[in-house]
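For reference, the chains in residue letters:
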Amino acid sequence: MHTNNKKETTHKKMELTKNFEHQSAEQKWYSHWMHKQYFKSIPDGREPYTIVMPPPNVTGVLHMGHCLNNTIQDILVRRARMTGKNACWVPGTDHASIATEAKVVAMLRERGITKSSLSRDEFLSYAWEWKEKYGGIILQQLKKLGCSLDWDRTSFTMDKGYYDSVIKIFVSLYNKGVIYRGKRMINWDVKALTALSDEEVIRKETRQKLYHLKYAIEGTNDFIIIATVRPETIMGDTAICVHPEDERYKHLHGKFAFVPLINRRIPIIADEYVTMDFGTGALKVTPAHDINDYTLGQKHHLEVVDVFNDNGTISEAAQIYVGMERFEVRKKIAIELEEKGILLKTEEYTSEVGYSERTDVVVEPRLSLQWWLSMKDISSPALKAVMEEEIKFYPSKFKNVYRHWMENIKDWCISRQLWWGHRIPAWFDINGKFVVAENEAAAIAQFEIEHGITNATLKQDEDCLDTWFSSWLWPFEVFKGYSQPKNEEIKYYYPTNTLVTAPEIIFFWVARMIMAGFEYMDAKPFQEVYFTGIVRDKQGRKMSKSLGNSPDLLNLIDQYGADATRFGIMIASPAGNDILFDESALEQGRNFNNKIWNALKLIKMWEGRQSKDDFNESSFAIDWFGNRLNEVSLEVEIMMQQFRLSEALKTVYSLIWDDFCSWYLEWIKPGFEQPINTSVYNKTIGYFSELMQLLHPFMPFVSEEIYHLLQETTEDLCVRQYKTAITPDKTILEKGLLLKNTISGLRDVRNKQQLKPKESIRLFIQTENKVVFQSIESILSKQINAILIDFTSENVANSFTTVIGKDKFYVVSEQPVDTANQKSDLEKELTHLKGFLISVEKKLNNEKFVQNAKPEVLALEQKKKADAETKIKVIEESLANLVN
RNA sequence: GGGAGCAUAGCUCAGCUGGUUUAGAGCAUCUGCCUUACAAGCAGAGGGUCCGCGGUUCGAACCCGUGUGCUCCCA
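Residues numbered from 1 in each chain as written. Chains lettered and ligands numbered in written order. Predicted model: local features only at pLDDT ≥ 70, side-chain atom pairs only at ≥ 80, totals over all residues. Heavy atoms only, no water.

*Asks:* In this structure, what is going on with the overall build of chain A? I would like to understand it.
*Replies:* When helices and strands are counted, chain A shows 28 helices and 31 strands. At 37 Å, chain A has a C-alpha radius of gyration far larger than the 29 Å of a compact globule built from 884 residues. Counting the 884 residues in chain A, one finds 54% classified as buried. If you take every contact in chain A between residues at least 6 apart in sequence, the share linking residues at least 24 apart comes to 77%. Only carbon and sulfur atoms are counted for the fraction: they give 50% of the accessible area of chain A, which is about 41,400 Å². (Helix = DSSP H or I, 4+ residues; strand = E, 2+ residues; numbered from the N terminus. Rg over C-alpha atoms; globule rule 2.2 N^0.38 Å. Buried < 20%, exposed > 50% of the residue type's maximum accessible area, 1.4 Å probe, protein only. Contact = heavy atoms within 4.5 Å. Areas by Shrake-Rupley, 256 points an atom, 1.4 Å probe, with all protein chains shown as cover.)

Laid out in structure tokens, this is it:
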């Protein structure tokens, strides 16, 4: 290895490392960008481009879903920043009431403290302490990924101002009459001791047993047999129901039966709700513990017997097994029933059971007094906006999902029996009279107005609000749009541009933000919603903590680099489709970094080796690549508008690797230790810079690093503005394609002739486009190692003949010509072309085709025919010559 | 039970208004190369019943129907 040291010293230049070293580059550039305040946005004369980040749980750590989500947002934001927009990306976290409270409770338990031993204030001070200490780690992790967020705007759903806005909105909705208290069937989490919304219940296929039980019929020795998966609830039975048309049970309508073990007398009723062919066709009705039974109970005026306590143990009302845990009772009662001959049989049965999203315990349907938000009125503008595409969904298939939910919307249970969150602003006196007001003083005053009692002693509701009741304000309250109406920022940034989120929270969050936007800002919260896919592992399983199939992201970033991680996750994620995460994609990203790095090394070698010599031989390469760059820039622009990010990245990847590295650089590359023309060199630096600019939104670190190594500059790629791409020259692009095809075809000939790279050839071209080939001749000879290229009008003896497109090439070398091989190749090609010609002719001979097809289609088919005929003729001639 | 979506090369996916070649890309595979930026590389190649069946059409991977398999959402 001998390098020219003299040049190194005269040309202030660093020794470039073997491979791209991501660690140092990432650190260096992120702090540089921060220092320059490139991510900071202040309203100005430019058009804004705003994204509010879906706030992760304050206790969260970065996982694959966040990584995908935030990479997409960063790509959009960085591109906007480079196209003249004032880009503003707002970070923040969600207080995530139930998840955080569960973590705090667990932390306290480890320290030997139970929640019940603490006052509300004591508990909350522990929770805040925890939040300050561990909260927001995820935001630091996003910096590692390169996210260009405006950190000065970091918000939290329980910030003072935000908290007050949530309370004010509760009060205003209450005063409008859409918030009410009601006893309803809710989903009860027996571990967290709180109500859950329907969306917080996860249904899972669960293997259970179906128990067949005998209920004695009053005044007879007869029995009716019911099938149930929940024998522990029989003490809550208040009826037996059969289908009115069911012949087996018609004689029992209006009779009574007895609940086993406790012998409560219950009616036998008939209702079409019952499925005749499920179980025995007879259903036990337990209105307190099943939503359908509850409805049935109301219809038939049945008694409600609640046999559970809050924590899932059996209540006094059950009479037996009092205080025991529900699943324990299921086992025990089954044994007792069997011993007493009441249990006839059990069968295996699989059905869906609801589990709490947060604590993973089986959810208990339960009657409970909760706060509700009536959804009918508030949801209709939100439905309309999406249906009429005032807000656009990408991919649009989610419109259907959205419509279905919105059209069947139910009232929202907004209270949670938790302390960590926004405390419900309702005040009660000892008699249960209450008022809703922003604070205690206002409540006392209000109490006098509503109930005529002065200076009442009031106690605030213990519960807090569902987390989503605060996050639905996110797009405007991060700009204080509600607390400081019509302020400069909200006027400038709202409505925001794009929401990037997972389809699983379309109801939790997206729909409700749209409602809140119209309700409180009188305008949609965003122009468009891009739904990402769900990240799955290689086997297609959803990534989850319990499966342990979620890789450690920080590790991956460490190992492959942030750019490679971003590449790996983006390259396989078409809009709205799930993405199968495979580490080999990150490897591909790392290799790509390295490829770019090596291109830089090659060009840097030329830096000190320039000349003013004539550069005619490179002029075609320069023309061609400039046009390719324009062509791809336009393509990428369109793809970005349609959110085809994965495709856009692929296109840029291929432009850099194939067109720039494999073709362009090889075409302009001077011979060993030969100088390069200065203007070719400068053009190349310019192209490389533009390539880095195209790549920057996807892979910000490597592109910025290379950009600065290419040339001395004070400008940063991060804020460099894209220039407008011009329409490329088609003729030049076609010529480039011809050149590429010719080179590949002739390299194939060399391979087949087993020619070593160093063995040169002589090439004779038989063509009607001599002028075209002359203009690319010098590149061609370099690429196929030809010492001579000439044109001919007839067969060349002792040559290997090949046909590429419509032209014929004779390759003369030292190697003996393998005629058989050559012949079979040509014959194969001929068969293919003849088959193709037949299919084209079939169309053209079809009168109906000629009559009905559009003129341009017809012309195309005629051209296809003519081309195929020419090619066939050329191949047939070659074959004829071979025989000789 | 109701609704939505998907099925194209070994894998992951493009194929946008039915006609641009008897279907394209990346990864993987095979062959040959340690060629002077890069072996994490270069050059080249092979690989398809477009899930089955039926229909509409001059023409279907694409539209319609139906069957099968898978995924998701809701009850």
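*Asks:* Any chance you could explain the protein's contact with RNA strand B here in plain terms?
*Replies:* Among the 46 residues in the neighbourhood of RNA strand B, the closest are listed as Asn-598, His-832, Phe-836, Asn-846 and Phe-849. Here the atoms of RNA strand B within 4 Å of the protein split so that 59% fall in sugar or phosphate, with bases taking the remainder. Between RNA strand B and Lys-595, the relevant distance is 2.7 Å, taken from a phosphate oxygen to a side-chain nitrogen or oxygen of the residue. One of the side-chain nitrogen or oxygen atoms of Ser-744 is found 2.9 Å away from a phosphate oxygen of RNA strand B. Contributions of two or more residues to the surface near RNA strand B are made by α19 (583–607), α21 (645–668), α24 (730–752), α26 (819–845), α27 (847–852) and α28 (855–883). (Near = heavy atom within 4 Å. Polar contact = N/O pair within 3.5 Å; in protein donor to acceptor, adjacent residues only side chain to side chain.)

*Asks:* Hey, could you run me through the packing of α19 against helix α22 (residues 678–695) in this one?
*Replies:* For any two helices packed against each other, one specifies the inter-axial angle together with the distance between the axes. Packing of α19 against α22 leaves a shortest axis separation of 11 Å and a crossing angle of 160°. By the angle between their directions, the pair α19 and α22 is classed as roughly antiparallel. Considering only the axes of α19 and α22, their crossing is left-handed. On α22, the residues touching Phe-592, Ile-596, Ala-599, Leu-600, Ile-603, Trp-606 and Glu-607 of α19 are Tyr-681, Thr-684, Ile-685, Phe-688, Met-692 and Leu-695. Each residue belonging to the contact of α19 with α22 can be placed in one class, and the counts come to eleven nonpolar, one polar and one charged. (Axes fitted to C-alpha atoms, helices over the stretch in contact; angles between N-to-C directions. Parallel < 35°, antiparallel > 145°, perpendicular 65-115°, else oblique. Left-handed = near helix turned anticlockwise from the far one by under 90°. Nonpolar A, V, L, I, M, F, W, Y, C, P; charged D, E, K, R; others polar.)

*Asks:* Just checking my understanding: could you explain the pattern of salt bridges for this structure?
*Replies:* Pairing between side chains of opposite charge can happen when their charged atoms approach one another. Under the defined criterion, the tally for this structure stands at 45 salt bridges. Across the salt bridge formed by Lys-340 and Glu-336, the nearest N and O atoms sit 2.8 Å from each other. Judged by relative accessible area, which is 18%, Glu-336 ranks as buried. Between Lys-723 and Glu-690 there is a salt bridge, and its shortest N-O distance comes to 3.0 Å. Of this pair, Lys-723 sits in the loop between α23 (700–710) and α24 while Glu-690 sits in helix α22, and the two are 33 residues apart along the sequence. Counted as one network, the salt bridges with shared partners bring together Arg-230, Glu-232, Arg-326, Arg-330 and Glu-364. (Salt bridge = Lys/Arg side-chain N within 4 Å of Asp/Glu carboxyl O.)

*Asks:* When you look at helix α9 (residues 326–339) in this model, what are you seeing that I'm missing?
*Replies:* In an α-helix, one full turn covers 3.6 residues, which means residues spaced three or four apart are oriented alike. The end-to-end C-alpha distance of α9 is 20 Å, a good match for the 20 Å that 14 residues give at a rise of 1.5 Å each. Between a side-chain oxygen at the N-terminus of α9 and the backbone nitrogen of Phe-327 the separation is 2.9 Å; the capping residue is Glu-325. Directly beyond the C-terminal end of α9, a positive phi value near 75° is found at Gly-341. (Expected span 1.5 Å × (residues − 1).)

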